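# Architecture and fold: a report
Listed below are the residues making up each chain.
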Amino acid sequence: MIYEEIRQKVAEGKKMLAVLIDPDKGISSLSYFIQQINKFSPDFILVGGSLIFKSVEKTIETIKKECSVPVILFPGNALQFTGNVDAILYLSLISGRNAEFLIGQHVASSYAIKKSGIETLSTGYILVDGGKPTSVEYMSNTMPIPPDKSEIAVATAIAGELIGNKLIYLEAGSGALHPVPATMIASVKKNVDIPLIVGGGLRSASDIQSALQAGADIVVVGNILEKNPELLEDFVNALTDCQI
C-alpha cells in the first residue's frame with residue numbers, strides 16, 4: 001500500500017521525490033521523460049492538473065507500460081478520475097472556502113472511486129501564494145494563504161489532521177515564482193503528525209534541499225522537468241543528500 005510505504009519511509013527518516021506529469025503540458029517526448037524516470041527512480045509519479053483536455057487515461061497507460069514507478073492520480077476535478085492507477089490523492093482544498101473543492105467534487109466521484117477499489121489518500125490541500133495567480137487559484141475560486149502568514153497555514157494543517165486527512169500538501173502552484181517558504185514548512189511540520197508534501201516553484205536542487213531540510217517528507221517537481229527532464233538526476237541527488 002502506498003500510504004504504508006510513505007509512513008514507513010517517514011518513520012525511517014527517508015525523504016521522497018514525486019514527479020508531476022500534466023497531460024496537457026508541453027512534454028516534448030513522454031517516452032524520453034519516462035526513460036529519465038526509469039534511470040533515476042523517483043519514488044512516485046503524480047498525474048493530473050487543474051484543467052485537462054488531453055486523455056489522462058492514455059497518459060497513464062503509456063507511463064505504466066514503460067515504467068514501474070508507482071503512479072498516483074492528482075485530480076483537478078471528478079472528471080479526471082481513472083482507476084488505472086496505484087492510488088489517488090483525494091484532495092480537499094482546506095485552505096479555501098469553496099465547498100465544491102472541499103466536498104462537492106468528492107461526492108461526484110465517490111461511488112466510482114469506491115467501486116474501483118484503488119487506494120485513496122485523503123489529503124488536506126493548502127494553497128500558498130507563490131507570487132502570481134495560478135490555475136488552482138483561478139479554477140477553485142479561492143485565495144491562497146499569504147507566504148508570511150505561517151500561523152494560518154499551521155492552523156489549517158492542524159484542522160486537516162483533526163478531521164482525518166492522512167497527508168498535508170503545501171502547494172505554491174504550478175509555475176509559481178516562489179516556492180513555499182521554509183519557515184512555513186517548518187512550522188507546519190512541527191505541528192502535525194502526518195506526512196507533509198510540498199510542491200510548486202521548486203526549480204533547483206537547492207530549492208528541493210531547502211524544502212526537505214525545513215521538514216517536507218515528499219517534494220513534488222513538475223513544471224521545470226517538463227522542459228528539462230535531465231534535471232531529474234540533480235533532484236534525486238539532492239534528495240539523497242538530505243536523507244537522515
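Residues numbered from 1 in each chain as written. Predicted model: local features only at pLDDT ≥ 70, side-chain atom pairs only at ≥ 80, totals over all residues. Heavy atoms only, no water.

Okay, the packing of aromatic side chains next. Taken as a whole and judged by the stated rule, the model has three aromatic pairs. Aromatic pair Phe74 and Tyr125: ring centres 6.1 Å apart, planes at 70 degrees, arrangement edge-to-face. Of this pair, Phe74 sits in the loop between β3 (71-73) and β4 (87-93) while Tyr125 sits in strand β5 (residues 119-127), placing them 51 residues apart in sequence. Here Tyr125 falls in the buried class, since its relative accessible area comes to 6%. Here the aromatic rings of Phe74 and Tyr169 are separated by 5.6 Å at their centres, their planes lie at 10 degrees, and the arrangement is stacked. (Phe/Tyr/Trp six-rings, centres within 6.5 Å; stacked < 30°, edge-to-face > 60°. Helix = DSSP H or I, 4+ residues; strand = E, 2+ residues; numbered from the N terminus. Buried < 20%, exposed > 50% of the residue type's maximum accessible area, 1.4 Å probe, protein only.)

Under the defined criterion, the tally for this structure stands at five salt bridges. With a closest N to O distance of 3.2 Å, Lys64 and Asp86 form a salt bridge. Here Lys64, found in helix α3 (residues 56-66), pairs with Asp86, found in the loop between β3 and β4; they are 22 residues apart in sequence, far enough to count as distant. For Asp86, a relative accessible area of 32% corresponds to the partly exposed category. (Salt bridge = Lys/Arg side-chain N within 4 Å of Asp/Glu carboxyl O.)

It is worth spelling out the pairing of strand β6 (residues 167-171) at this point. Of all five residues in β6, five are buried, a share of seventy percent or more. Here β6 shows no split at all, with Leu167, Tyr169 and Glu171 on one side and Ile168 and Leu170 on the other all buried. As paired elements, β5 and β6 share five bridges and run parallel to each other. Its bridge partner lying in β6, Ile126 is registered against Leu170. Regarding topology, helix α7 (residues 182-191) serves as the crossover connection from β6 to the parallel strand β7 (residues 196-199), and that connection is right-handed. (Pairing = 2+ DSSP bridges. Right-handed = clockwise from strand over helix to strand, strands pointing away.)

Moving on, we come to helix α2 (residues 30-40). For α2, the full list of buried residues reads Phe33, Ile34, Gln36, Ile37 and Phe40. Seen from one end, α2 has its buried residues packed into an arc of 155 degrees, which puts them on one side. The secondary structure elements touched by the buried residues of α2 are β1 (16-21), β2 (44-47), α3, α9 (223-227) and α10 (232-241). At the exit of α2 stands Ser41, carrying a positive phi of roughly 55 degrees. (Arc of directions from axis to C-beta. Contact = heavy atoms within 4.5 Å.)

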